[in-house]
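# Examination of the molecular architecture
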Number of protein chains: 2
Amino acid sequence: MEHDLPPVLSLDIGGTKLAAGVVTFDGLIHGWQITPTRREEGPRPVLARLFDLGRKAVAEAGLPEVAAVGISCGGPLDTATGVLECPPHLPGWIDVPVGPMASEAFGVPYALENDATAAALGEFRYGAGRGTSTMLYLTISTGVGGGSVIGGRLHRGAAGNGGELGHVMVRPGGRRCSCGRLGCLEAYASGTSIAERAREALAAGRASSLSAVELPTAEDVSLAAAAGDPLATEIWDETTWALGSALTDLVNAFEPELVVLGGGVTRSGAMLLDPVRAAVARDAMPPAARAARIEPARLGAGVGVVGAGAVAHDLLLSGKSDA
Amino acid sequence: MEHDLPPVLSLDIGGTKLAAGVVTFDGLIHGWQITPTRREEGPRPVLARLFDLGRKAVAEAGLPEVAAVGISCGGPLDTATGVLECPPHLPGWIDVPVGPMASEAFGVPYALENDATAAALGEFRYGAGRGTSTMLYLTISTGVGGGSVIGGRLHRGAAGNGGELGHVMVRPGGRRCSCGRLGCLEAYASGTSIAERAREALAAGRASSLSAVELPTAEDVSLAAAAGDPLATEIWDETTWALGSALTDLVNAFEPELVVLGGGVTRSGAMLLDPVRAAVARDAMPPAARAARIEPARLGAGVGVVGAGAVAHDLLLSGKSDA
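Summarised in this report is the structure supplied together with it. Only a predicted model underlies this, so the values are computations on that prediction, with no experimental measurement involved.

### Regarding helix α7 (residues 230-254) of chain B
Residue and element names in this part refer to chain B. Look at α7: 36 Å from first C-alpha to last across 25 residues, which is about the 36 Å you get at 1.5 Å a residue. Within α7, 19 of the 25 residues are buried, which leaves the element mostly enclosed by the surrounding structure. Of the residues that open α7, the one with a side-chain oxygen 3.3 Å from the backbone nitrogen of L231 is D229. One or two positions beyond α7, positive phi appears at E255, with a value near 45°.

### Observations regarding the interface of chain B and chain A
Each partner contributes to the interface: chain B provides 40 residues, whereas chain A provides 40 residues. When chain B packs against chain A, the two sides together hide about 3,000 Å² of surface, and 58% of this comes from carbon and sulfur. The largest contributions to the chain B side of the interface with chain A come from R181, E255 and M285 of chain B, which together make up 19% of the buried area. The interface formed by chain B and chain A contains 2 salt bridges. With a shortest N-O distance of 2.8 Å, D249 of chain A and R181 of chain B are connected by a salt bridge.

### A few points about the relation of the copies chain B and chain A
Note on the copies: chain B fits chain A at an RMSD of 0.0 Å, the axial shift is 0.0 Å, and the rotation between them is 180°. One copy is carried onto the other by what is essentially a two-fold rotation axis.

### Here we look at the packing of helix α7 (residues 230-254) of chain A against helix α8 (residues 270-283) of chain A
Residues and elements named next belong to chain A. Contact geometry for α7 and α8: axes closest at 8 Å, N-to-C directions at 45°. Of the possible angle classes, the one that applies to α7 and α8 is oblique. Between α7 and α8 lies a crossing of right-handed hand. Only M271, L272, P275, V276, A279, V280 and D283 of α8 make contact with α7, whose side of the interface consists of W236, T240, L243, G244, L247, T248 and V251. Split into classes, the residues belonging to the contact of α7 with α8 amount to 10 nonpolar, 3 polar and 1 charged.

### Describing the nonpolar core
Soluble globular proteins: nonpolar side chains tend toward being buried together. The biggest cluster of nonpolar side chains holds 96 residues, and the ones touching the most others in it are L247 of chain A together with L247 of chain B. Those residues in contact with L247 of chain A that lie beyond four places of it in its chain are L138, V259, L261, V276, V280 and I294 of chain A.

### Some points on the packing of aromatic side chains
Applying the stated criterion across every chain, the model contains 3 aromatic pairs over all chains. Seen in terms of ring centroids, F51 of chain B and F106 of chain B are 5.8 Å apart; in terms of plane orientation they differ by 85°. Their pairing is edge-to-face. One end of the pair, F51 of chain B, is in helix α1 (residues 43-61); the other, F106 of chain B, is in helix α2 (residues 98-106), and 55 residues separate them in sequence. Judged by relative accessible area, which is 7%, F51 of chain B ranks as buried. Here the basic side chain of R55 of chain A rests over the ring of F106 of chain A, its NZ or CZ set 5.5 Å away from the ring centre.

### Topic: the sheet that holds strand β7 (residues 110-114) of chain A
Residues and elements named next belong to chain A. Pairing is mixed across the open sheet formed by 5 strands, whose spatial order is β3-β2-β1-β4-β7. One side of each edge strand has no neighbouring strand; the edge strands of this open sheet are β3 (29-36) and β7. Adjacent strand axes in the sheet meet at a mean angle of 15°, parallel and antiparallel pairs treated alike. Sheet analysis places strand β1 (residues 8-13) next to strand β2 (residues 17-23), joined by 6 bridges and oriented antiparallel. Pairing of L11 across the sheet is with A20, part of β2.

### A closer look at the pairing of strand β2 (residues 17-23) of chain B
All names here are of chain B. Judged by how many residues are buried, β2 sits mostly within the fold: 6 of 7 residues are covered. The antiparallel pairing of strand β1 (residues 8-13) with β2 creates a hairpin that spans 3 residues between the two strands. With 6 bridges connecting them, β2 and strand β3 (residues 29-36) associate as antiparallel partners. Looking at the pairing, K17 lines up with P36 of β3. Here β2 folds back onto β3 in antiparallel fashion, the turn holding 5 residues, of which G27 has a positive phi close to 85°.

Conventions used here
Residues numbered from 1 in each chain as written. Chains lettered and ligands numbered in written order. Predicted model: local features only at pLDDT ≥ 70, side-chain atom pairs only at ≥ 80, totals over all residues. Heavy atoms only, no water. Helix = DSSP H or I, 4+ residues; strand = E, 2+ residues; numbered from the N terminus. Expected span 1.5 Å × (residues − 1). Buried < 20%, exposed > 50% of the residue type's maximum accessible area, 1.4 Å probe, protein only. Polar contact = N/O pair within 3.5 Å; in protein donor to acceptor, adjacent residues only side chain to side chain. Contact = heavy atoms within 4.5 Å. Buried area = accessible area lost by both parts, 1.4 Å probe. Salt bridge = Lys/Arg side-chain N within 4 Å of Asp/Glu carboxyl O. Least-squares fit on C-alpha atoms with pLDDT ≥ 70 in both. Axes fitted to C-alpha atoms, helices over the stretch in contact; angles between N-to-C directions. Parallel < 35°, antiparallel > 145°, perpendicular 65-115°, else oblique. Left-handed = near helix turned anticlockwise from the far one by under 90°. Nonpolar A, V, L, I, M, F, W, Y, C, P; charged D, E, K, R; others polar. Core = buried A, V, L, I, M, F, W, Y, C linked by side-chain atoms within 4.5 Å. Phe/Tyr/Trp six-rings, centres within 6.5 Å; stacked < 30°, edge-to-face > 60°. Lys NZ or Arg CZ within 6 Å of the ring centre and 35° of its normal. Pairing = 2+ DSSP bridges.

So, to be careful, I would describe these as geometric facts and stop short of saying anything about function.
Here it is, written out as C-alpha cells:
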C-alpha cells in the first residue's frame, strides 16, 4: 500500500450476531466485540446496541480517532444513500438509513457495503487474494453470497450490490431459492439447503445415521458423509456437484486468477475443495481452468469486520469522504 | 475521447471469411475488404492472402500510415505472444504466431484479441455500449462467444481469453457443447445447435413445415416459428429459454448496466429479445434486473473489423507499442 491511513470503525450486521472493531490499515482488528443481533427487536433498538458496541470497540482499541465507519450487511442495500432496503436476513427491516445513522452517531463519513462484497475486498487485500488482480469470493453459509475484484478494483455492479454469485442456476426447475428462482447454487450449496435436504430425506423415511440427531445441521451432514453414511454422502455429493457446476460457469465467465471460498460450509475442508477443484479442472474451458486456483478463505470469523474496514479505507482513499 | 490517434489496420480471421479494413479513431472503416477464408488451405497460404487483403485495404483507404495492426480471431489464443493456439473454427491451425507474422508483414506493432472480446470493446466504444461503464456482449452465431467491459475497461481475464460467456450451463447432462461439457448455453442457443435440433427432430419423423427445406438453418427455424410451425416454435422456445437462463446468471453475477446481443441469430429481432428480456426481468435478482438493459448490437457485419481496430487503438493508448 502506498498510503498510510488512520484507523476506521467497522460494524458488521449479521442475522444472528453483531460485530464491531477498529481496523487499522494493515488489516488488523482492535477491540473486537460480538453480541447477538436479536433482530426481532427491530432496527432502532438493534442499531442502538450496535453503535454502543462500536463505542466499546473504539474505547478498548485505544487508538487515534477513527476517520470513517464501514458497515457490512446483507443486501439488497443502496451503497449511495446508505439505506438497507429489505435484507432477507433481517425481516421487517425496510428502508433503514443505517449509513447516515452511523455517520451521525460517530461524527465521521460512512461506507455501507453488501457483506459478501466487503468480504471479497477484505480477502483480496488482506487474505487469500493478496497479490492477485482478478479474484472471485464466495461465502457458503446460511446463504451463498459473493463478490468480485476485477483488475485490482472491487466490482460493485450497476445497482451497487456487486455480483450475486450464489444465484447461478445449477438445476433448471430444481429447488426453490430464497431469490424466488428455481435451482440456483444457493438452493443446493447453502448450509440451510444441506440441512433441509437431510431433514426431508429422513422425514421421507430414508435410513441414515443422521436419524440419531434431532435436527441435523449442514455440519452433521458433512461429518456423517465423512464417516461413510450413504444418505449424507448423497447429499454431500449433490452439494459439491452444484458448487463445481456453478464455479465452472463463473470461471468461464470471469476467467479469474483465484476463487476464494469462505463461510461455515467450507470448514469441511478437502471434502468440499477436492471435488470442486476436480469439477472445474474437468469442465471449465482449458485456459480458464488452468489460470484459476480455488483456495479457502483466510480471514475466518473476522472477515466481516476486516471487509467493512477495507471498504471504509477505500472511502478514504477515494477522497469521497471530503465531499 | 481525449486523444486523437492515427489509423490502424484491422484483420478479422473468421471460419468462413477473412476481412480487413483501416479503422480511424472515430470507429469508421475505410477500404473494407472481404474474401472467403478457405481454411482447409492451412495457415500460411490463408495468412498470405489475409495480409494481401490488408495491403489492399491500406491502399484503398488512402489515409496516413497505419500505426498498429489489430487482429481478431476466435480463441483459444495467447494475447501476450500473439499465438493462435487451437481455434476450433480453424481445424489444424496449431500454435500459429499470427501476431508476430502480421507485425513483420506491416512493420508495426500488433494486438491479437479473441474475436468476441474485441467485438465487446467495439460495441462499448462505438456501438450499443457508448456511454456505459459495465457492459456484457454476447455474439450468438455459429457458436456463442462473449466479452465484458467492467468499470470502463476491457476485461481480458487471467488467461487472456476474456470471459467465455457462452459456456454457462443451462441444462445439466444436456446436449454436448463444443467445449466438451454437457448443457452449455452454446449447445442450445448457437445457430449450429438450432439447425441441428431441427434436423434431428425431422429425422425422428416429426411433422413440420421445415421438412420442405433440404437442410434447415437457424434462420429457417426462426422464420417457421414466426409462421406458427409447432416444431419450430418448440425449438425456438428452447433457444430463448436457454438464453434467458444464462443471461439471468450473468446479470446476477456481473450486475451490468447493459447486455448487448449480436451475431446472426439476433437478426430474428423481437422474437429473440422479447422472451429473453422477460426471463431476466422475472428471474434475476430485482436490483440487478432493474439495472440491466438488454439491447441489440449496433455495429452489424463490421463488428469484427471495428473491434480489432479498437484493440489496436488500445495498444497505442497503453503505450505498449513503444516497447
